[in-house]
Amino acid sequence: QQQVKQSPQSLIVQKGGISIINCAYENTAFDYFPWYQQFPGKGPALLIAIRPDVSEKKEGRFTISFNKSAKQFSLHIMDSQPGDSATYFCAARWGADTDKLIFGTGTRLQVFP
Amino acid sequence: EAQVTQNPRYLITVTGKKLTVTCSQNMNHEYMSWYRQDPGLGLRQIYYSMNVEVTDKGDVPEGYKVSRKEKRNFPLILESPSPNQTSLYFCASRPSGGNTIYFGEGSWLTVV
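Values in this document were obtained by computation on a predicted structure and should not be read as measured data.

### Some thoughts on the pairing of strand S4 (residues 31-38) of chain B
Residues and elements named next belong to chain B.
- By the criterion of burial, S4 is predominantly enclosed, with eight of the eight residues buried.
- Going residue by residue along S4, you find Tyr31, Ser33, Tyr35 and Gln37 tucked away on one face and Met32, Trp34, Arg36 and Asp38 tucked away on the opposite face as well.
- As judged from the seven bridges shared by S4 and strand S9 (residues 87-94), these two strands associate in the antiparallel manner. If you follow Tyr31 over to S9, its bridge partner there is Arg94.
- For S4 and strand S5 (residues 42-51), the ladder comprises seven bridges, and the chain directions are antiparallel. Looking at S5, one finds that Trp34 is bridged to Tyr47.
- Connecting S4 to the antiparallel partner S5 that follows it, the hairpin turn spans three residues, and Gly40 within it adopts a positive phi of roughly 80°.

Here it is, written out as structure tokens:
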């Protein structure tokens, strides 16, 4: 199975709150799990990424939690800000030498003041 | 400035009229890809290329062709466009020694 299932489809969070987006996958051949942030009218941009041998990675307010046994990973945005309002995509890469990338369906995040 | 440049950014065309969307990157990246983005479906990979003259199918290659004759360019060709190819298209690139993918600004294509 090559799918990456992402939820929720949309998320509304108050400023200062925690935003959590979840993804699940089936294929154990995936070797790299990035998250992309996309603003309207722009291309996606890499936000943070993790490899399956690491359980957590934190960069500023953004944290990826990775559960290899459950085949799940999630993005946590702490102290969410209105500027974080965007669409977020999780993804999984098939292998470093193939560049084959499977994306989730996206989560539209709205952070209200 | 390091960038991935796509042209045209916006295009309305008619069914069956061949078109090419160009993509060029100035970062000397080995890997290049094309994606289409549709509401509720996220981004789906059409084709990718690992270097000059090396291409492979992604998840949704039907109706598309690509070529990689030069390292910097990776055009997407729609030989006979159909309305179901109406979408937002993104070109992307990354270096072989890195994981960060750089996306272009996108090309809105409407086939009527």
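We are not done yet, so read on.
### Some details on unusual backbone geometry
- Cis rather than trans, the peptide bond between Ser7 of chain A and Pro8 of chain A has omega equal to -5°.
- By the secondary structure assignment, Pro8 of chain A is in the loop between strand S1 (4-7) and strand S2 (10-14).
- Here Asn7 of chain B and Pro8 of chain B are connected by a cis peptide whose omega angle stands at -5°.
- Tracing the backbone shows Pro8 of chain B in the loop between strand S1 (4-7) and strand S2 (10-13).
- In the Ramachandran plot, Lys71 of chain A falls in the positive-phi region, its phi being about 55° despite a non-glycine side chain.
- On the secondary structure map, Lys71 of chain A appears in the loop between strand S7 (62-67) and strand S8 (72-77).

### Remarks on the sheet that holds strand S3 (residues 19-25) of chain A
Residues and elements named next belong to chain A.
- If you walk across this open sheet you meet the five strands as S1-S3-S8-S7-S6, and the pairing is antiparallel. Only two strands of the sheet have a single neighbouring strand rather than two, namely S1 and strand S6 (56-59). Sheet twist, expressed as the mean angle between neighbouring strand axes with direction ignored, is 15°.
- The sheet contact formed by S6 and S7 spans four bridges and is antiparallel. Note on S7: the bridge partner recorded for Glu59 is Phe62.

### Re the environment of Ser80 of chain B
Residues and elements named next belong to chain B.
- With respect to the helices and strands, Ser80 occurs in the loop between strand S8 (76-78) and S9.
- Taking C-alpha positions, Ser80 is 6.8 Å from Thr15, a pair spaced 65 residues apart along the chain.
- When near neighbours in sequence (up to four residues on either side) are disregarded, Ser80 contacts Gly16 and Gln85.

What counts as what
Residues numbered from 1 in each chain as written. Chains lettered and ligands numbered in written order. Predicted model: local features only at pLDDT ≥ 70, side-chain atom pairs only at ≥ 80, totals over all residues. Heavy atoms only, no water. Buried < 20%, exposed > 50% of the residue type's maximum accessible area, 1.4 Å probe, protein only. Helix = DSSP H or I, 4+ residues; strand = E, 2+ residues; numbered from the N terminus. Pairing = 2+ DSSP bridges. Axes fitted to C-alpha atoms, helices over the stretch in contact; angles between N-to-C directions. Contact = heavy atoms within 4.5 Å.

Remember, this is a structural readout, not a statement about activity or role.
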